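# Reading the structure
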Amino acid sequence: MQTLLAGCLFCLLVAGVRFYLGSQLQQQLLQRIPQQVQQQFMPLLAQSVWDVDPAMEKRLLQGIQSLDGVAEVSLLNTRGQVQLTLATPLPASHRIELPVQSAGTGDQPLGTLRLSLSLRSLEYTLWREIAQAMAELMLAILLLAWLTRRYLQQKVLAPLAALATRWQSPDAHEQIVAQDEIAHLGQILQAHDQHAGTQLKQAKQTCYELTQQRDQLSSLLAMRTAELEQLSRFHQMVSEMSSRLIQLDHADIEGEIAIALSRIGNLLEVDRCYLFKVAPSLRIHHTQEWCRAGVPSTAQQYENYPLQESAWFVPQLIKQHLVALSQLEDMPPEGHNERMRFAAHGIQSIAVVTLSYQGQVLGFFGCDSVLQKRDWLDKELTLMRLFSEMLCHTLLQRQYRQAHDVTRQALTLAHEKLDGMVNIDGLTGLANRKVFRQQLAKHYSQSKDGSQALSLLLINIDAFTDYNACFGHLEGDQCLIRLAALMQQHATGQAVLARLGGDEFGLLLPGADTAAAYRLAENLRLAIWQLGIPHISSSVSTCVTASVGVASLDTTRHDSDGALQEEAAQCLYQAKQLGRNRVISASHGLGPAV
């Protein structure tokens, strides 16, 4: 009964939380409906209103009405009259009006979209989901309670009772065989009591042995500590030299490497310390060497030495990365020629480390003992490895810098090429929208300050979407290229012609007054029509035509370049509304159409 009551309380709590979260989600859903309509439907709706396409408008309104929470949707024209309404019997909680705008007209709305939102349908769905979830949760709680009670009774309570009896009288149950995990635990506890004494004796013996080992380790630790301190000083010196090499310019690296070789040679008390660099052709192409006073240099004798000629020494270096010989007699018979060469150079002991990166041999770093033989210590070889890593990083850094210089030169050329392409429309070769906006702002400022004439033409190809649908986008691109070339012929002098996007072009005419701009616009419209590009799907003409909006600068009306462009866009919109294939000017009004 208590379990059932707790389950009911838990279900009520879950239902309350679910209802609260669902209510919040409903409010958020209703709040997101305007944003969703703006993003998914408004561009297409604005285009259909712009193109006067009632069928498309109805399909878009049906799509908006299908959204959860939308009870009624209406489309109003610019005069506030309802053009189309779709509604459901659900009661509306509140209304929202959204302006229908097109990118071609700027801030001038084409109409208004009125939405009536209903919270009732969302509430019905929420209550139905809560009821279904509560039923499933209650059934799951009852089933889990029954299974838990049965499992505890069989697997926990009964074995615990048997274990308690056995713990009180262990002798009476010595023959019981473990039936489950708890019975097995009882046997383990009994075995633990029996072996406790034995383990205590073993612990005492182990403690005695550990004491002896501790004394031995203490003496060994003192010796290793001294070696580590010396190695630490070596490492500090290598780190200091590495930092200097990283901070130096490319031209100073050779001198710093020479100083580093001198310091390492004096620290290790060797007679020669050298760095042999390896070219991609596997030849030693550059050597640097430090020699103690009185010891002759041999580095130049290895300049341009091909590594393939080495029968034993170089292959061992590439394979093991380190070769350390206390005496030349340790070399095998196949290294006889190299042993004779080393002996001719006065070498008695030699240690060399390979500098490599991802399988590529960059060079060799080595030390020679000439005056006497010596046994190489582990700490000395460790120091040589550390120093070789530093040299390897230095050589890699040098390669990276050289590659970086080459890449930077290539990038400079590429940037120069891109700078010439970034302001050009890729299809027509005209200026793009960015350049047009910059030139409009520039000439607007100059004309306003100097009281000079300035006119703007916005040109839109009529029914170009239908042209693409009928002939394909490849033919559409060719059509735009031909039209752009034709417009370029009319854009003489300081005129700026640009493709603003899709089938829309802009022509900026510095110094042209209203009359001159209107004449040029009409000539351009006739030239496009007379070009005779077939357009069988156009409702305007059998050939491709264009609508043109013209605006001229008037400082009393145009307080910004955006206002001038907006007026031209309004004129273009009027030209399309009045049947297309015509020129509309803010000063001349309706232009003729063919």
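Everything below is about the structure printed above this text.
Description of the structure in this document.

Moving on: the overall build of the chain. Per the secondary structure count, the chain includes 14 helices and 15 strands. Looking at the chain as a whole, 39% of its 594 residues qualify as buried. As displayed, the chain offers around 33,900 Å² of accessible surface, 55% of which is attributable to carbon and sulfur atoms.

What follows concerns empty space enclosed by the protein. Counted by the stated rule, this structure contains one cavity of 30 Å³ or more. Quantified by volume, the largest cavity comes out at close to 260 Å³. Along its surface, the largest cavity is lined by 20 residues, and Phe276, Ile284, Tyr302, Phe313 and Phe342 are the ones closest to its centre. Elements supplying a minimum of two residues to the lining of the largest cavity: strand E5 (272-278), strand E6 (284-291), helix H7 (313-320), helix H8 (336-344), strand E8 (349-357) and strand E9 (360-369). Here the lining of the largest cavity is composed, by residue class, of 14 nonpolar, two polar and four charged.

Here we come to the packing of helix H2 (residues 42-50) against helix H3 (residues 54-65). Their axes nearest at 8 Å, the elements H2 and H3 cross at an angle of 155°. Taken together, H2 and H3 sit at an angle that is classed as roughly antiparallel. For H2 against H3, the interelement crossing comes out left-handed. Between H2, through Leu44, Leu45, Ser48 and Val49, and H3, the contact on the second element is made entirely by Met56, Glu57 and Leu60.

Our focus in this paragraph is the sheet that holds strand E2 (residues 82-87). Pairing within the open sheet is antiparallel, and its four strands lie in the order E2-E1-E4-E3. Since the sheet does not close on itself, it has two edges, and those belong to E2 and strand E3 (94-101), each with one partner. Sheet twist, expressed as the mean angle between neighbouring strand axes with direction ignored, is 15°. Alignment of E3 against strand E4 (residues 109-117), held across eight bridges, turns out to be antiparallel. Within the sheet, the bridge partner assigned to Pro99 lies in E4 and is Thr112. Across the sheet, H2 lies against strand E1 (70-76), E3 and E4, angled at about 60° from E3, the strand it touches most. Against the sheet, H3 contacts E1, E2 and E4, and its axis sits at roughly 35° relative to E2.

So, about the nonpolar core. Met487 and Leu507 are the most contacted members of the largest nonpolar core, which has 32 residues in total. The element contributing the most residues to this core is helix H13 (residues 514-530), with seven residues. Residue contacts for Leu507: discarding those within four places in its chain leaves Phe436, Ser455, Leu456, Leu457, Ile459, Ala491, Ala495, Val496, Leu497 and Leu520.

On to the pairing of E6. Alignment of E5 against E6, held across seven bridges, turns out to be antiparallel. Paired with Cys273 across the bridge in E6 is Trp290. Taking the residues between adjacent antiparallel strands as the criterion, E5 and E6 are bridged by five residues, where Leu282 takes a positive phi near 60°.

For any two helices packed against each other, the geometry comes down to the angle between their axes and how far apart the axes lie. The interhelical angle for the contact between helix H11 (residues 464-471) and helix H12 (residues 473-490), taken along N-to-C directions, is 130°, at an axis separation of 7 Å. In this view, H11 runs oblique relative to H12, as classed from their interaxial angle. Contacts between H11 and H12 involve Phe464, Tyr467, Asn468 and Phe471 from the first element and His473, Glu475, Gly476, Cys479 and Leu480 from the second. Its residues assigned to classes, the contact of H11 with H12 comprises five nonpolar, three polar and one charged.

For the rest of this paragraph, the subject is the side chain of Ser388. Here Ser388 is to be found in helix H9 (residues 378-421). By relative accessible area, Ser388 is classed as buried at 5%. Contact partners of Ser388, with chain neighbours within four places excluded, come to Val353, Leu355 and Phe365.

All right, on to the state of the cysteines then. Evaluated as defined, the whole model comprises zero disulfides. Free cysteine: Cys273, not disulfide-bonded; nearest cysteine sulfur from Cys367 at 3.8 Å.

Further remarks concern a nonpolar patch on the surface. Together, Leu143, Trp146 and Leu147 give the surface a local cluster of nonpolar side chains, amounting to about 330 Å² of exposed area. Mapped onto the secondary structure, Leu147 falls in helix H4 (residues 120-168). Taking relative accessible area as the criterion, Leu147 reaches 41% and is therefore assigned partly exposed.

Before going further, it helps to examine the sheet that holds E5. Neighbouring strands of a sheet are bound in pairs by backbone hydrogen bonds; such pairs are parallel or else antiparallel. With antiparallel pairing, the five strands of this open sheet are ordered in space as E6-E5-E9-E8-E7. The open sheet has two edge strands with one neighbour each: E6 and strand E7 (322-325). Put simply, the sheet's adjacent strands are angled 10° from each other on average, direction ignored. Bridge count for E5 against E9 is six bridges, and the pairing is antiparallel. In the strand pairing of E9, Arg272 is matched with Asp368. Strand contacts of helix H6 (residues 253-268): E5, E6 and E9, with the helix running at about 50° to E6, the strand carrying the most contacts.

Another point: the pattern of salt bridges. Inspection of the entire model under this criterion finds 13 salt bridges. Among the ionic pairs, Glu254 bridges to Lys277, the shortest N-O distance being 2.9 Å. Separated by 23 residues along the polypeptide, Glu254 in helix H6 and Lys277 in strand E5 bring together distant segments of the chain. Judged by its relative accessible area of 21%, Glu254 is partly exposed. Lys277 sits in the buried class, given a relative accessible area of 5%. Where Arg437 meets Asp561, a salt bridge forms, and the shortest distance between an N and an O atom there is 3.4 Å. In this pair, Arg437 sits in helix H10 (residues 433-450) while Asp561 sits in helix H14 (residues 561-577), placing the two residues 124 residues apart along the sequence. Since its relative accessible area comes to 33%, Arg437 is described here as partly exposed. Counted as one network, the salt bridges with shared partners bring together Arg272, Glu289 and Asp368.

Cut-offs used in this document
- Residues numbered from 1 in each chain as written.
- Predicted model: local features only at pLDDT ≥ 70, side-chain atom pairs only at ≥ 80, totals over all residues.
- Heavy atoms only, no water.
- Helix = DSSP H or I, 4+ residues; strand = E, 2+ residues; numbered from the N terminus.
- Buried < 20%, exposed > 50% of the residue type's maximum accessible area, 1.4 Å probe, protein only.
- Areas by Shrake-Rupley, 256 points an atom, 1.4 Å probe, with all protein chains shown as cover.
- 1 Å grid on protein atoms, 1.4 Å probe; cavity = no way out; pocket = protein on both sides within 12 Å on 5 of 7 lines; lining within 4 Å.
- Points joined across faces, edges and corners; volume = space filled by probe spheres on them.
- Nonpolar A, V, L, I, M, F, W, Y, C, P; charged D, E, K, R; others polar.
- Axes fitted to C-alpha atoms, helices over the stretch in contact; angles between N-to-C directions.
- Parallel < 35°, antiparallel > 145°, perpendicular 65-115°, else oblique.
- Left-handed = near helix turned anticlockwise from the far one by under 90°.
- Contact = heavy atoms within 4.5 Å.
- Pairing = 2+ DSSP bridges.
- Core = buried A, V, L, I, M, F, W, Y, C linked by side-chain atoms within 4.5 Å.
- Disulfide = S-S within 2.5 Å.
- Patch = residues over 30% accessible without salt bridge, like charges linked within 9 Å, V, L, I, M, F, W, Y side chains within 5 Å.
- Salt bridge = Lys/Arg side-chain N within 4 Å of Asp/Glu carboxyl O.

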